[in-house]
Number of protein chains: 2
Amino acid sequence: METVERAAATAGAAAIGPCAAIPAEHMDFIRQTLDRVGDKWSLLIIAVLEPGPLRYTDLQRQVPGISQRMLSLTLRQLGQDGLITRTAYAEVPPRVEYTLAPLGRGLHEIVTSLIGWAADHHDEIRANRERAATTGS
Amino acid sequence: METVERAAATAGAAAIGPCAAIPAEHMDFIRQTLDRVGDKWSLLIIAVLEPGPLRYTDLQRQVPGISQRMLSLTLRQLGQDGLITRTAYAEVPPRVEYTLAPLGRGLHEIVTSLIGWAADHHDEIRANRERAATTGS
DNA sequence: CGGGATCCTATTAGATACTG
DNA sequence: CAGTATCTAATAGGATCCCG
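Parameters at a glance
- Residues numbered from 1 in each chain as written.
- Chains lettered and ligands numbered in written order.
- Predicted model: local features only at pLDDT ≥ 70, side-chain atom pairs only at ≥ 80, totals over all residues.
- Heavy atoms only, no water.
- Helix = DSSP H or I, 4+ residues; strand = E, 2+ residues; numbered from the N terminus.
- Buried < 20%, exposed > 50% of the residue type's maximum accessible area, 1.4 Å probe, protein only.
- Contact = heavy atoms within 4.5 Å.
- Near = heavy atom within 4 Å.
- Polar contact = N/O pair within 3.5 Å; in protein donor to acceptor, adjacent residues only side chain to side chain.
- Nonpolar A, V, L, I, M, F, W, Y, C, P; charged D, E, K, R; others polar.
- Salt bridge = Lys/Arg side-chain N within 4 Å of Asp/Glu carboxyl O.
- Phe/Tyr/Trp six-rings, centres within 6.5 Å; stacked < 30°, edge-to-face > 60°.
- Lys NZ or Arg CZ within 6 Å of the ring centre and 35° of its normal.

The name an unreviewed UniProt entry assigns to chain A is HxlR family transcriptional regulator, from the organism Virgisporangium ochraceum.

Here is the structure:
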């Protein structure tokens, strides 16, 4: 709790403003939630699910490169966390639809921002990275 | 910002619903950028760097649980991508400061949203997860 | 103080094959 | 169609030692 203030003192009086970064007590569940949502596929699936319900196969098509295994796994976790909803229709052939739950819809806005940012700055980042590699890391 | 809408328009007739999710062409670098930024520590480091420059040791203290290795690695990558800036002062004892670069500052706003969301819905997510576990997954 | 190099383990992710 | 199961390769991550 005093960690931040002490850091401020160390960095010098001029450095740090009124808004301390993150209270140490919150770090833990921030990390947990970030881990859950920040994995390789979750955000992508949430992004893809925004326009409306999708079936398993559709998801697989719209998230290129994802394996069946990871799709199943991620869907199950997102479902358990209440971010998406799974609806199975008892018909033949079987049909299962995944929908963004309210919780996931809230997250979606942020995901959109993040994806927008990624799209906007992708070139810049790549340029930076290549320059760094050229400059001799 | 408009990237997403433009993307939707580009996808056009080929897609299913009214508002197509993400054009397949963009999926790739979105994934790349998301991977870079969505790893275990990057977002946290960016969040912690927002108030002002921090030294290596300060970072290590403010991001609990991070190892020297991961801190070094993540800092280097963020630096190469141009999200943060490393400044070394040639003095004894040596002092090195890490600062959010403009690019990283832009990302920071999104990170803040994400952290805010995580803080707001952490309890809900945990409840959902436990209920799912109890219900027999 | 600010790391780099190395070793080793745990977790993750992909491919493949199979099922209701 | 919508998954599960299993096996394996790759990677992430932690611990430790060491150096400028």
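Moving on from the coordinates now.
J.: How should the overall build of chain A be read in this particular structure?
T.: Scanning chain A from N- to C-terminus turns up six helices and three strands. Overall, chain A shows an N-to-C arrangement of helices and strands of α-α-α-β-α-α-β-β-α. Across the 137 residues that make up chain A, the buried fraction comes to 43%. For chain A, the proportion of contacts with a sequence separation of at least 24, taken over those separated by at least 6, is 43%.

J.: Sorry, what's going on with the protein's contact with DNA strand C here?
T.: Taken together, 18 residues form the shell around DNA strand C, and within it Arg69(A), Arg55(B), Thr57(B), Arg86(B) and Tyr98(B) come nearest. A breakdown of the atoms of DNA strand C within 4 Å of the protein gives sugar and phosphate a share of 66%. Here a base nitrogen of DNA strand C sits 2.8 Å away from a polar atom, N or O, in the side chain of Arg69(A). Within the side chain of Tyr98(B), an N or O atom sits 2.6 Å from a phosphate oxygen of DNA strand C. The set of elements that each furnish at least two residues to the surface near DNA strand C consists of helix 5 (68-80) of chain A together with helix 4 (56-62), helix 5 (68-80) and strand 3 (95-100) of chain B. Considering every element that reaches the surface near DNA strand C, the biggest residue donor is helix 5 of chain B, with four residues. Classifying every residue of the surface near DNA strand C by side-chain character gives seven nonpolar, five polar and six charged.

J.: I would appreciate a short explanation of the pattern of salt bridges in the present structure.
T.: Evaluation of the coordinates by the stated rule reveals twelve salt bridges over all chains. When the shortest N-O distance is used, the salt bridge between Arg129(A) and Asp81(B) registers 2.8 Å. With Arg129(A) in helix 6 (residues 102-134) and Asp81(B) in the loop between helix 5 and strand 2 (84-89), this pair bridges two chains. The shortest N-O distance in the salt bridge between Arg36(B) and Asp81(B) comes to 2.8 Å. Residue Arg36(B) is located in helix 2 (residues 24-37), and its partner Asp81(B) is located in the loop between helix 5 and strand 2; the two are separated by 45 residues in the primary sequence. In terms of burial, Arg36(B) and Asp81(B) fall into one category: buried. One network of salt bridges, with partners in common, ties together Arg36(A), Asp81(A) and Arg129(B).

J.: For this particular structure, what's the right way to read the protein's contact with DNA strand D?
T.: Residues in contact with DNA strand D amount to 19 residues; listed here are only the nearest, Thr57(A), Arg86(A), Tyr98(A), Lys40(B) and Arg69(B). Counting only the atoms of DNA strand D within 4 Å of the protein, the fraction contributed by sugar and phosphate is 56%. Between DNA strand D and the protein, one listed contact pairs a phosphate oxygen with a side-chain N or O atom of Arg76(A) at 3.2 Å. Within the backbone of Val96(A), a nitrogen or oxygen atom sits 3.3 Å from a phosphate oxygen of DNA strand D. Counting residues per element, the ones that place at least two in the surface near DNA strand D are helix 4 (56-62), helix 5 and strand 3 (95-100) of chain A together with helix 5 of chain B. No other element matches helix 5 of chain A, which puts four residues into the surface near DNA strand D. Residue composition of the surface near DNA strand D, grouped by class: six nonpolar, six polar and seven charged.

J.: So what exactly am I meant to see when it comes to the side chain of Asp81(B) here?
T.: Note on Asp81(B): relative accessible area 0%, which makes it buried. With residues up to four places along the chain from it excluded, the contact list for Asp81(B) reads Ile125(A), Asn128(A), Arg129(A), Arg36(B) and Leu103(B).

J.: For this particular structure, what's the right way to read the packing of aromatic side chains?
T.: The geometry of two aromatic rings is summed up by the distance between their centres and the angle between their planes. One pass over the full model with this rule turns up zero aromatic pairs over all chains. Sitting over the ring of Trp41(B), Arg31(A) keeps its end group 4.7 Å from the ring centre.

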